[in-house]
Amino acid sequence: MTMRVRLSWAASTVVFGMAIATPGLAQQDTTKRVRDSLAADSAALVRELARASARPAGGAGPTNARLLPDVSAVGDLLADFSRNGSTLEGGHRFSVREVEVAIQAAVDPYFRGEVFLGFNDEEGAAVEQAFIVTSSLPLGLEARGGRFLMPFGKQNLTHRHDLHTIDYPWVLQRFLGAEGLKGTGVSVSKVLAPFGFYQELQLTAVDQFGEADEALETEEPVNKRLGNLGYAARFRNYVDLTKHANIEVSASVVTGKRAQPTAGLVVGNAIPVRQSLVGIDVTYRWRPLQQGLYRSFILQGELIRQFNEDIADPGYQGPVGNHTGGYLFGRYQLTRRGYLGARYDWLDDPDLGGERLRAGSGYLEFFPSEFSKLLLGFERVAPTGGPAYGRILFQATFALGPHKPHPF
Amino acid sequence: MRTIGRTGKTMIRALVAGAWLFAASSAAAQTRLKVVTSTTDLLYIAEQVGGNRIEGKHISEGYQDPHFVEAKPSFVLDLRRADVWAFVGLDLEIGWMSLLLNGARNPKIKPGAPGYVDVSKAIPVIDVPSGAVDRSQGDVHPLGNPHYWLDPDNGKRIARLFRDRFAELDPAGAGAYEKNLGAFEATLDRAAAEWAGARAALRGKPIVAWHTSWRYFAEYTGVDIVGFMEPKPGVPPSPSHLAGLIMTMKRRGAKVIIMEPYYDRKTADFVATKAGATVLVLPPSVGGAKGIDDYGGMIRHNILALAKAVE
Ligand SMILES: [Zn+2]
């Protein structure tokens, strides 16, 4: 806050300097004009409200008589100023990482439908998510079917462009995928409160765990046996510590068989191998209710362990052993629109044969409004056995369309 | 099988007594309407009309910015069992309401159900933008100004709406609701008589407000808002806007800046110093300041404090 106030004080002093303290006759004319236009601008809202109309009680008809769904678009733009070349996908210095189009509406009295289409240069167009949800079930159950973000871990449930960092934490990128873990299937959730605080159990079954690698071919479809599908469970516990602070501690598991490469098969080049993840995540939030426009703090961490099935096959080239990774992320609100964030990542990287990867990153986040975001990120990545490197990234996101609620 | 000992018998007795108490209390609870409101003002008025036939909770605090409320999962628990969900409407709750309602999975308070009460439907709304709106005009309230509870005449309209809805959901209480409504209106009328002098003194007096939230209050009191700290609704003040505002204040003779407790006082103080004015922090809702615990008292406090400040 103080920074913004000081800035605005300085700037207004300059404006005053221009408007008031300039000597000379010709300049006095200009001064008067500047002053008049500033004064007129300051009353623009008053004039606008005077023009606005009033509406009698209950006088408004439906606001969406044609029952159009909510359509919105989010643009996610990235620039990479790293010293030793771009670290972005495709090696670009400037890129449109993704454009997401969302279409959402009530389908009928029983279902809500949501469709998210993703467009990007590398992968073209894709159905990111498409699902229906119903809460018209007994026992307060909610069920969804279709493609959705897998309820596993905390940050995986946030769209990438809504993160307060540029990328997902390394452990999520490596264990779940660079764009997060999605699944196509069904999910059921139940809210419980036997101890007076919020608990939720989410159970999910999906066609397969993770994204299929099209280059891999198994003799029989991986999902031929029902036991090979992807199954996940997440148990959330949320407690208000005070009116201003709260904590969520949740645990997740996911398991399923994935096609993994192996040499020397008669048919195909891959075999189904079980992989499982177990994770725990903790989120602490503080936001004083009265000063909440200007001050807040969040501290978040996740720890995930990956288990890979032992394969005796000597030609096996897939991931082996068990790996652990995690991150710790903190974000402090400096001003009404500015935030400072930092993240520490560590991971036994399955891509590096289980060697340790460490990364530290810092972020300056600025929201011109609720609908645009500018994010400057610095990251230092240190893989064991490889050279450490730095990243300097800039992200701009913008949202078009109706106001959407902020997921908590 | 062993016979039950003395401790066992005591335990059973305690259990039976506990079960009986539980049953009795839940039976009593069943007869009371569970009302959840988005703001403290709506809850206060609902409780005046509902009396002991309802039990209520509110989501946002009176000293909190109602435009930015977090959809905490704990609110979902309150909404799960609600018979009535009453909210300000006009998109004030757009940032969080759908998340809580979806999370609550409660058919009684879904849009269209009798327990879903959009209070703005009972209110004559002002500041409805004419023509096309887009966000270059700020995070506008495109359906009109939602801060209507700051006009006490709207307080009565809210109370009448609650009487109707409560009577619909609990016909046995219709008489009680009608009686309570009468008492509430009479209390407000008595308070209005008390503040009539101060209200008259406000007519035509130039002031500045932070947000358009005080427009209904201005309609009621006749105070003349000649400028806003915000250049556009929801947009934080910019230096050039404030420079212009200071000139406007000097020219129009505005001597008071009114603001809610959740905005940044330092910026208002800066403008006030430059314009030779004073800053007045007013509670925008019940609970918005210490000792502001009732609706009529909140309106009275605001009228009297402002009248004193513009003197
Ligand atoms: Zn507002």
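Turning to the environment of W286 of chain A, a few remarks are in order. All names here are of chain A. Secondary-structure assignment places W286 in strand β11 (residues 270-286). Look at W286 and you get partly exposed, because its relative accessible area is 30%. With 39 residues separating them along the chain, W286 and I247 place their C-alpha atoms 8.9 Å apart. Every residue in contact with W286, bar those within four places of it in the chain, is listed here: H244, A245, R295, S296 and F297.

Turning our attention to the coordination of the zinc ion. Residues and elements named next belong to chain B. Distances from the zinc ion to its protein donors, H67 (NE2), H141 (NE2), H147 (NE2) and H211 (NE2), fall within 2.0 to 2.2 Å. Taken together, the four donor atoms surrounding the zinc ion define angles of 100 to 121 degrees at the centre, an arrangement classified as tetrahedral. Of note, the zinc ion draws all its donor residues from one chain, in the sequence arrangement H-x73-H-x5-H-x63-H. Placement of the pair is H67 in the loop between β2 (54-58) and α3 (73-80) and H141 in the loop between β5 (125-128) and α5 (152-169), with a sequence separation of 74 residues. The class of H141 is buried, set by a relative accessible area of 12%.

How big an interface is tends to be reported as the loss of accessible area on association of its parts. You can read the domains of chain A as domain 1 (2-59) and domain 2 (71-400). Look at where the C-alpha atoms of domain 1 of chain A and domain 2 of chain A centre, and you get two points 46 Å apart.

What follows concerns the interface of chain A and chain B. At the interface, 67 residues of chain A touch 68 residues of chain B. Together chain A and chain B conceal approximately 5700 Å² of surface at their shared face, both sides included; 59% is due to carbon and sulfur atoms. Here E200 of chain A and R105 of chain B are joined by a salt bridge, their closest N and O atoms 3.5 Å apart. Our count for the chain A to chain B interface comes out at 17 residue pairs in polar contact (both at pLDDT 80 or more). When contributions to the side of chain A that touches chain B are tallied by element, the ones reaching two or more residues are α1 (2-19), α2 (25-42), α3 (44-51), β1 (53-55), β6 (141-149), β7 (182-192), β8 (198-206) and β9 (230-240) of chain A. Taken together, the residues of the side of chain A that touches chain B sort by class into 32 nonpolar, 18 polar and 17 charged. Two strands pair when backbone bridges link them, and β1 of chain A and β5 of chain B are joined in this way by two bridges, in the antiparallel orientation.

This part covers the sheet that holds strand β3 (residues 84-87) of chain B. All names here are of chain B. Across the sheet, four strands lie side by side as β2-β1-β3-β4; this open sheet has parallel pairing. Looking at the sheet topology across the chains shown, the edges are occupied by β2 and β4 (116-118). Strand-to-strand twist across the sheet, computed as the mean angle between neighbouring axes with direction ignored, equals 20 degrees. Across the sheet, α5 is in contact with β1 (33-37), β2, β3 and β4; its angle to β4 comes to roughly 165 degrees.

Another point: the side chain of S74 of chain B. Locating S74 of chain B in the fold gives a position in helix α3. On the accessibility criterion, S74 of chain B (16% relative accessible area) is buried. Among the polar contacts made by the side chain of S74 of chain B, one reaches the side chain of D240 of chain A at a distance of 2.4 Å. When neighbours within four sequence positions are excluded, S74 of chain B is seen to be in contact with Y238 and D240 of chain A.

The subject of this paragraph is the packing of aromatic side chains. Here the distance between the centres and the angle between the planes together describe a pair of aromatic rings. Across all of its chains, the model carries 16 aromatic pairs over all chains by this definition. Where Y344 of chain A meets W346 of chain A, the ring centres are 5.9 Å apart and the plane angle is 25 degrees; that geometry is what we call stacked. Residue class for W346 of chain A comes out partly exposed when judged on its relative accessible area of 24%. Each residue in the set W85, F87, W96 and Y116 of chain B is aromatic and connected to the rest through ring pairs, giving one cluster. Just above the ring of F371 of chain A sits the side chain of R135 of chain B; from NZ or CZ to the centre is 3.7 Å. Taking the ring centre of Y220 of chain B as reference, the NZ or CZ of R199 of chain B above it sits at 3.7 Å.

What counts, and at which threshold
The written sequence of each chain sets the order in which its residues are numbered from 1. Here the convention is simple: chains get letters from A, ligands get numbers from 1, in the order in which they are written. Where totals are concerned, whole chains, interfaces and linings use all residues; where local detail is concerned, this predicted model gives features only for residues with pLDDT of at least 70, and gives and counts side-chain atom pairs only at 80 or more. The side-chain numbers reported here are obtained from all heavy atoms of the structure, hydrogens and water having been left aside. The way it works is that DSSP assigns letters per residue, a run of H or I at least four long becomes a helix, a run of E at least two long becomes a strand, and they are numbered from the N terminus. Three exposure classes are used, based on accessible area relative to the maximum for each residue type with a 1.4 Å probe and protein chains only: buried under 20%, partly exposed in between, and exposed over 50%. Between two residues, a contact is recorded if the distance between any of their heavy atoms is within 4.5 Å. Metal donors: N, O and S atoms at distances within 2.8 Å, or within 3.2 Å for Na, K and Ca, with water omitted from the atom set so that some sites may seem incomplete. Labels for metal geometry use angle windows, namely 85 to 135 degrees for all angles of a four-donor tetrahedral site, and for square planar (four donors) or octahedral (six donors) sites opposite donors over 155 degrees apart plus all others within 65 to 115; sites meeting none of these are irregular. A domain assignment, automatic or from a database, supplies the domain bounds used here. Summed over both partners, buried area is the accessible surface (1.4 Å probe) that two parts give up on being assembled. Should a side-chain nitrogen of Lys or Arg be within 4 Å of a carboxyl oxygen of Asp or Glu, the pair is scored as a salt bridge. Two N or O atoms form a polar contact when they lie within 3.5 Å of each other; inside protein one atom must be a possible hydrogen donor and the other a possible acceptor, and for residues adjacent in sequence the pair counts only when both atoms belong to side chains. Classification used: nonpolar for Ala, Val, Leu, Ile, Met, Phe, Trp, Tyr, Cys and Pro, charged for Asp, Glu, Lys and Arg, polar for all others including Gly. At least two DSSP bridges between two strands are required for those strands to pair. Every angle, taken between N-to-C directions, lies between 0 and 180 degrees, and every axis is a line fitted to C-alpha atoms, over only the stretch in contact when it is a helix. Only rings of Phe, Tyr and Trp enter the pairing, Trp through its six-membered ring, and a pair is recorded when the two centres are within 6.5 Å. The plane angle decides the type: under 30 degrees is stacked, over 60 is edge-to-face, the rest tilted. Counted as over-ring charges are cases with an Arg CZ or a Lys NZ within 6 Å of the ring centre that also lie within 35 degrees of the ring normal.

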